[in-house]
Amino acid sequence: MNDRKTSVAVIFGGESVEHDVSILTGLQFLEALDQDKYTGLPIYVASDGSWWTGDELLKRSNYPIAKEDRDTLTSVRLSIGQARSTFGPALVASSKGLLGKVKERIIPFDIMVPAIHGSFGEDGVLQGLLEAAGVPYVGCGILASATTINKDFTKNVLSAMGIPVLPHMMAHRPVMGTHLQTREISDRLGTEMHSHKYPFFVKPRQLGSSIGVARVNNEEELTTALLDIFRLDSAAIIEPFVPNLVEYNVAVSRAFGDVRASAIERPVKETEFLDFKAKYLAGSDGSPKLDAAPSEGMASLNRDINPTDLPRDKAALIRTHACDAFLALELAGSVRVDFLGNSETGELWLNEINTIPGSFAYFLWQHAEPEVTYSELAGALIDEGFRKFEGRRRETGADMGGGTIFN
Amino acid sequence: MAEFYKTISGLEDANDAVEIIWLHGWGQDNSSFKALTSLLERRARHISYDLPGFGQTPMLDKGAGSAEYAAALATQISPLGHSRRIIIGHSFGCRVAVQLAANHPGIADCYILIAAAGLQQKRSLVWKIRAGYMRALGKLASLFDRLFGTKFRPAYARRFGSADYKNAGDLRETFVNVVNEDLSAQARQVKEPVMLVFGSEDRETPVALGESYRALMPDATLKVLDGYGHLDILGRGAHQVQNIILSVIKTLDSTSDKGQ
């Protein structure tokens, strides 16, 4: 007798600046799902916030999807507000019937995989929505997502744990109608970051993917950079610029049982820091390879996996810090922890934690010891998602503990 | 026969490692399997050939068919020895693989045929009528050219020829011979296990072809990959194909252990 296949909804796209990268992440995950065990259900969140499903979403050549082309797709929303016993997780698809009457039908699924980078997908908002709707999901929970998306919060927690992070200062977006107080920021730079001088490195507090990041050599450049960032985010982080910069990334997961770190990669770059386009559009002429899959996105960018010039003890330290951070922040899924280093002095700092990394960092697991294929990774993440859901279900109910007032 | 151009990648030691030989499809070359060989680089030693007339390998004789390709390929492959060997083909490469298997039993432990060509497809009546009409038109064009010195036949080829036909160049005779081949007899002679992998959306070598092959071959399994076509099965379909190849390697490992 055939067991019913597990239906896995993968939600990608979104309203953040990382919309396009998320499409690749989502499609690759769907393509990695073992067809013997799972059926995939693509859910695309367009940049206007609408949710869609349909087979057309599976072809890279159909993107970007213009509003006029949406008639081949099915408009859907998450089913929420039903009693838990009615039916399990589901989408509600609506279409216009013959006489213009709206018809609805249910599309059930078993688990959802958030594949949206940045706001909504990676900051706890989607996770909160899914928990409210009683939907099992893959990856970090609400708190873990909300804390790690906030670089200031993350650095404070890690620093308190003794994990090395760069010193930093926060600058907040001026209240509407007021101007950026450059003088005040410069004064604070002088006091809070007193042992450091220009150049500094500025980045949005909550956005990822190198959008808005800039090296600034003087106050004027700082002002420009902050104004750019404040168009995207409400706060910015200012850190000392690290000379002889070298970066190391490692993935961490608990989905295989114990907390485990993957292969370490050193992104190889021409410019001083990865900028957005180079990070994601690494086709031969800079354009993404359509319908290509395993060689697209970050996977094909020049990278040195398990770099031979990384000393053993350094590599071990990177893995230890990454695993400690993973445990302390109670993370889940396949998380990528990014480190910065000064290749001359050998100093190392934890830079940021990405709880929904591009391609779920599958290539780092592919090169790990032991090797984990993307299909195996996907299966493990899904199993972990179900386990976490079961764990949540055992929490309090309204009629426990004698707290009722109305009898 | 000069040596075929090939790229070698993956594991170094050939005695312990599984050796995988890759045979590409028409109009392609050894790089068409790059996604798969890189996903499998820690699991096997990969030898990916440029078949004659493609990439950097010189042509065989004009009009050479899949049998000649297989015979030439056989001279390139070392005897099996201790290592385990899998031959993997895609499309046209599968024709060569089937000929190789039929004429050189034991040259590999098993075969994986992806989107395999080589059998005549069952065609609908409408298709057959149209095909008959097209053939008549082509013959008429040739006749006119012979009688009146017109240039209808090349114009006919430009208008109705497939992309592969038009781009074939010196390989055109081979192409015409090959598309008319039927390898049913050879398929029946394949002694080794064969894993047939077809995409559900493949319009060039539909799943029905896979079913025909499975019926003809003594020891064949058919795996249909949902949502993949003739070409993208090697690209975005690579994770699925990788899983199949890994399970074949696992089976090979366990049977060779039993053999010891």
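In this convention, every chain numbers its residues from 1, walking through the sequence in written order. Chain letters and ligand numbers both follow the written order, the letters beginning at A and the numbers at 1. Residue-level local features of this predicted model are given only where pLDDT is at least 70; pairs of side-chain atoms are given and counted only at 80 or more, and the full residue set underlies all totals for whole chains, interfaces and linings.

A.B. asks: Could you clarify how one ought to interpret the overall build of chain B in this entry?
C.D. replies: A helix here means a DSSP run of H or I that spans at least four residues, while a strand means a run of E at least two residues long, and both kinds are numbered starting from the N terminus. Of regular secondary structure, chain B possesses 10 helices and seven strands. All radius of gyration figures rest on C-alpha atoms, and the globule criterion is 2.2 Å times the number of residues raised to 0.38. Computed over its C-alpha atoms, the radius of gyration of chain B comes to 19 Å, within 12% of the 18 Å expected for a compact globule of 260 residues. For chain B, the spread of C-alpha atoms along the three principal axes comes to 70 × 40 × 35 Å. Exposure criterion: with C-beta atoms placed from backbone coordinates, a residue whose C-beta has 20 or more other C-beta atoms within 10 Å is buried, one with 12 or fewer is exposed, and one in between is partly exposed. For chain B, the proportion of its 260 residues judged to be buried stands at 40%. When contacts within chain B are restricted to residue pairs at least 6 apart in sequence, those whose partners lie at least 24 apart make up 76%. Working definition of a contact: two residues with C-beta atoms, positioned from the backbone, lying within 7 Å.

A.B. asks: Mind showing me how you'd approach the sheet that holds strand β8 (residues 169–172) of chain A here?
C.D. replies: Residue and element names in this part refer to chain A. A pair of strands is treated as paired once DSSP finds two or more bridges between them. Taken in spatial order, the four strands of this open sheet run β8-β11-β9-β10, and their pairing is antiparallel. Looking at strand neighbours, the two that pair on one side only are β8 and β10 (214–216), the edges of this open sheet. Mean inter-strand twist for the sheet, computed between neighbouring axes without regard to direction, equals 30°. By the bridge criterion, five bridges tie strand β9 (residues 200–204) to strand β11 (residues 235–240) in an arrangement that is antiparallel. Axes here refer to lines fitted to C-alpha atoms; in helices the fit is confined to the stretch in contact. Angles between the N-to-C directions go from 0 to 180 degrees.

A.B. asks: Explain the pairing of strand β5 (residues 90–96) of chain A to me, please; I cannot follow it from the model alone.
C.D. replies: Residue and element names in this part refer to chain A. Direction of pairing for strand β4 (residues 74–78) relative to β5: antiparallel, over a ladder of four bridges. Counterpart to S75 in the pairing with β5 is S94. In this sheet, strand β6 (residues 102–108) lies alongside β5 in antiparallel orientation, the contact comprising seven bridges. The residue bridging K96 from the neighbouring strand is V102, located in β6.

A.B. asks: Is there a simple way to explain the nonpolar core in this structure?
C.D. replies: Note on soluble globular proteins: their nonpolar side chains tend to be buried together. In this structure, V8, V10 and V250 of chain A are the most contacted members of the largest nonpolar core, which totals 78 residues. Ranked by residues supplied to this core, first place goes to helix α1 (residues 19–32) of chain A with seven residues. With residues up to four places along the chain from it excluded, the contact list for V10 of chain A reads G26, F29, L30, G40, P42, I43, V113 and A115 of chain A. A set of buried Ala, Val, Leu, Ile, Met, Phe, Trp, Tyr and Cys residues, joined to one another through C-beta atoms within 7 Å, is what we call a nonpolar core. Counting residues in each nonpolar core, the second largest holds 63 residues, with I20, L100, V178 and L209 of chain B among its members.

A.B. asks: Sorry, what's going on with helix α8 (residues 312–328) of chain A here?
C.D. replies: Helical periodicity: at 3.6 residues per turn, an α-helix aligns residues three or four positions apart in one direction. Residues and elements named next belong to chain A. Expected helix span is computed as 1.5 Å times (number of residues minus one). With 17 residues, α8 should cover 24 Å at 1.5 Å per step; its first-to-last C-alpha distance of 24 Å lies within 8% of that length. Residues of α8 that are buried: I318, H321, A322, A325 and F326. The arc that holds the buried residues of α8, viewed along the axis, is 135°, so those residues lie on one side. In α8, the exposed positions that point more than 90 degrees away from the buried face belong to R312, D313, A316 and T320. Its buried side turned inward, α8 meets α4 (151–161), β12 (245–253), β13 (260–267), β15 (334–342) and β16 (348–354). Each direction from the helix axis to a C-beta atom contributes to the arc, which is the arc of those directions.

A.B. asks: Would you mind showing me how to read the interface of chain B and chain A here?
C.D. replies: Interface extent is often summarised as the accessible area lost during association of the parts. Of the residues lining the interface, 14 residues belong to chain B; the matching set on chain A comes to 15 residues. Mapped onto the side of chain B that touches chain A, the elements with two or more residues apiece are α1 (34–39) and α10 (238–259) of chain B. Among the elements that make up the side of chain B that touches chain A, the one with the highest residue count is α10 of chain B (five residues). Split into classes, the residues belonging to the side of chain B that touches chain A amount to four nonpolar, six polar and four charged. When residues are sorted by character, Ala, Val, Leu, Ile, Met, Phe, Trp, Tyr, Cys and Pro go into the nonpolar class, Asp, Glu, Lys and Arg into the charged class, and all the rest, Gly among them, into the polar class.

A.B. asks: Explain the sheet that holds β12 of chain A here, please?
C.D. replies: Within a sheet, each strand pairs with its neighbour through backbone hydrogen bonds, oriented either parallel or antiparallel. All names here are of chain A. Strand order in the open sheet formed by five strands is β14-β13-β12-β15-β16, and the pairing between neighbours is antiparallel. What marks the edges here is a single partner per strand, and that holds for β14 (303–305) and β16. When the angles between neighbouring strand axes are averaged without regard to direction, this sheet yields 30°. Here three bridges tie β13 to β14, and the two strands are oriented antiparallel to one another. When the sheet's bridge partners are listed, P267 is paired in β14 with R303.

A.B. asks: Would you take a moment to explain the packing of helix α2 (residues 66–76) of chain B against helix α3 (residues 92–103) of chain B for this structure?
C.D. replies: Each pair of packed helices can be summarised by the angle the axes make with each other and by the distance between the axes. Residue and element names in this part refer to chain B. For the pair α2 and α3, interaxial distance at closest approach is 8 Å and the crossing angle is 65°. In this view, α2 runs roughly perpendicular relative to α3, as classed from their interaxial angle. For the element pair α2 and α3, the recorded crossing hand is right-handed. Along the contact surface, α2 presents S66, A67, Y69, A70, L73 and A74, while α3 presents R95, V96, Q99, L100 and N103. Every angle not falling under 35 degrees, over 145, or within 65 to 115 is termed oblique; those three ranges are roughly parallel, roughly antiparallel and roughly perpendicular. A clockwise turn of the near helix away from the far one marks a right-handed crossing, whereas an anticlockwise turn of less than a right angle marks a left-handed crossing.

A.B. asks: Before we go on, may I ask you to explain the domain arrangement of chain B in this structure?
C.D. replies: Domain ranges listed in this record stem from an automatic or a database domain assignment. What the domain assignment reports for chain B is domain 1 (6–120 + 182–259) and domain 2 (125–170). Between domain 1 of chain B and domain 2 of chain B, the C-alpha centre-to-centre distance is 33 Å.

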